[in-house]
Amino acid sequence: DQTPTLKAMDQLQYFLVSYPYSEHKEQSQEYMGDLRERLAKKSLELARLYYKREDYRAAVTSFKVFLQEYPDSRYREEGHFNWFLAAADFARNSTDRRKENRYKDALDVYEEFLERYPDSGYLKDAEQTFAKVRKELGEILIEKESSSQ
């Protein structure tokens, strides 16, 4: 429950608006950043929990929301990598008629990850998952082409 953190942030925001020239302004802003990072970490942990429980749809959504709500988080790279893993597993565990589009979505997440983090420590693992996704999508496309002939 993040209620105490949210209340503290509200109080700090009230202080900053009410006393914009206070000698404590800088420290209050630092506290706000720390509290925001705490919320980001909890959001990431929730997404990881969905992934661990193999609720890939919820994990994909949660990682995406995490990245949207906390674009400056120190956990952003990790969140983006995990979003890709969740998207790949979501595609892999989808019904046959949905797999193609979901694999393509996973590849889009990978491309974005690669563009933003070309030197990532997660790159080796991301590339391995990318290769599997590309292979599995290729098999679907070959099967689709052969069944349409």
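Position labels on residues start from 1 in each chain and follow its written sequence. With pLDDT at 70 or above as the cut-off, local features in this predicted model cover only qualifying residues; side-chain atom pairs require 80 or more to be listed or tallied, and sums for whole chains, interfaces and linings still use all residues. Based on all heavy atoms of the structure, the side-chain values leave hydrogens and waters out of the count.

Caption draft 1: Quick look at the overall build of the protein chain. Helices and strands together make up the secondary structure of the protein chain, namely six helices and zero strands. Runs of E in the DSSP output that reach at least two residues are strands. Runs of H or I that reach at least four are helices, and both are numbered from the N terminus. Listed by position from the N terminus, the elements making up the protein chain come as α-α-α-α-α-α. Computed over its C-alpha atoms, the radius of gyration of the protein chain comes to 20 Å, more than 25% above the 15 Å expected for a compact globule of 149 residues. Projected onto its principal axes, the C-alpha positions of the protein chain cover 75 × 30 × 25 Å. For the protein chain, long-range pairs separated by at least 24 residues make up 57% of all intrachain contacts whose partners lie at least 6 apart in sequence. One finds the centroid of the 25 positive side-chain charges in the protein chain at a distance of 5 Å from the centroid of its 29 negative side-chain charges. Only C-alpha atoms enter the radius of gyration; for comparison, a globular chain is expected to reach 2.2 Å times N to the power 0.38, where N is the number of residues. Here a residue-residue contact requires only that any non-hydrogen atoms of the pair lie within 4.5 Å. Only four residue types enter the tally: Lys and Arg on the positive side, Asp and Glu on the negative side, with His and both chain ends excluded. Here the site of a charge means NZ on Lys, CZ on Arg, CG on Asp, or CD on Glu.

Caption draft 2: Looking closely at the pattern of salt bridges. Each salt bridge in this description consists of a side-chain nitrogen of Lys or Arg and a carboxyl oxygen of Asp or Glu lying within 4 Å of one another. Within the structure shown, the criterion is met by ten salt bridges. For the salt bridge of Lys-99 with Asp-96, the shortest nitrogen-to-oxygen distance reads 3.9 Å. Of this pair, Lys-99 and Asp-96 both sit in helix H5 (residues 96-116), separated by three residues, roughly a single helical turn. Note that Lys-144 is salt-bridged to Glu-100, the shortest N-O span being 2.9 Å. Here the residue Lys-144 occupies a position in helix H6 (residues 123-147), and Glu-100 occupies one in helix H5, the gap between them amounting to 44 residues. One connected set of salt bridges, linked through shared partners, spans Asp-89, Arg-92 and Glu-136.

Caption draft 3: Layout of the confidence of the model for the protein chain. Of all residues in the protein chain, 100% attain a pLDDT of 70 or more, and the chain-wide mean is 92. You can read pLDDT as the predictor saying how much it trusts each residue, on a scale of 0 to 100. Considering each helix and strand of the protein chain separately, the mean pLDDT is smallest for helix H1 (residues 3-18), with a value of 78, and largest for helix H4 (residues 76-92), with 98.

Caption draft 4: Layout of the nonpolar core. Definition of nonpolar core: a set of buried residues of the types Ala, Val, Leu, Ile, Met, Phe, Trp, Tyr and Cys, connected through side-chain atoms within 4.5 Å. Think of it in three bands: with a 1.4 Å probe and only protein chains considered, a residue is buried below 20% of the maximum accessible area for its type, exposed above 50%, and partly exposed in between. With 38 residues, the main nonpolar core has Phe-63, Phe-66 and Phe-84 as its most contacted residues. Counting only elements with at least two residues in this core, the list comes to H1, helix H2 (25-52), helix H3 (56-69), H4, H5 and H6. Looking at which element gives the most residues to this core, the answer is H4, with nine residues. Not counting the four nearest positions on each side in its chain, Phe-84 is found in contact with Ala-106, Val-109, Tyr-110, Ala-126, Thr-129 and Phe-130.

Caption draft 5: Inspection of unusual backbone geometry at higher detail. Positive phi outside glycine occurs at Glu-54, with the angle close to 65°. Assignment of secondary structure puts Glu-54 in the loop between H2 and H3.

Caption draft 6: Quick peek at a negative patch on the surface. Where like charges cluster on the molecular surface, the negative patch consists of Asp-105, Asp-108, Glu-111 and Glu-115. Here Asp-108 lies in helix H5. Residues enter patches when they are more than 30% accessible in relative terms and free of salt bridges; like-charged ones are connected within 9 Å and nonpolar ones (Val, Leu, Ile, Met, Phe, Trp, Tyr) within 5 Å. For the area figures, the Shrake-Rupley method with a 1.4 Å probe applies, and any residue is considered shielded solely by the protein chains shown.

Caption draft 7: View of the packing of aromatic side chains. The aromatic pairing rule takes the rings of Phe, Tyr and Trp, using the six-membered ring of Trp, and pairs them if the centres are within 6.5 Å, calling planes under 30 degrees apart stacked, those over 60 edge-to-face and the rest tilted. Tallied over the full model, the rule gives seven aromatic pairs. Between the aromatic rings of Phe-81 and Tyr-122, the centroid separation amounts to 4.7 Å while the plane-to-plane angle is 15°, which identifies the pairing as stacked. Here Phe-81, found in helix H4, pairs with Tyr-122, found in the loop between H5 and H6; they are 41 residues apart in sequence, far enough to count as distant. Taking relative accessible area as the criterion, Tyr-122 reaches 28% and is therefore assigned partly exposed. Centroid distance Phe-113 to Tyr-117: 5.4 Å. Interplanar angle 45°. Geometry classified as tilted. Each member of the pair, Phe-113 together with Tyr-117, is buried. Aromatic ring contacts, followed pair by pair, group Phe-81, Phe-113, Tyr-117 and Tyr-122 into a single cluster.

Caption draft 8: Representation of the packing of H2 against H4. The axes used here are C-alpha line fits, helices contributing only the stretch in contact, and every angle between their N-to-C directions lies in the interval 0 to 180 degrees. With their axes 11 Å apart at the nearest point, H2 and H4 run at an angle of 25° to one another. Between H2 and H4, the interaxial angle falls into the category roughly parallel. The interaxial crossing formed by H2 with H4 has left-handed handedness. Where H2 approaches H4, its residues Leu-44, Arg-48 and Tyr-51 are matched on the opposing element by Glu-78, Gly-79, Leu-85, Ala-86 and Asp-89. Put simply, Ala, Val, Leu, Ile, Met, Phe, Trp, Tyr, Cys and Pro go in the nonpolar bin, Asp, Glu, Lys and Arg in the charged bin, and everything else, Gly too, in the polar bin. Residues belonging to the contact of H2 with H4 are distributed by class as follows: four nonpolar, one polar and three charged. Oblique is the label for any angle not under 35 degrees, not over 145, and not in the 65 to 115 range, which are roughly parallel, roughly antiparallel and roughly perpendicular in turn. Crossings are assigned a handedness: left-handed for a near helix turned anticlockwise from the far helix by less than a right angle, right-handed for a clockwise turn.

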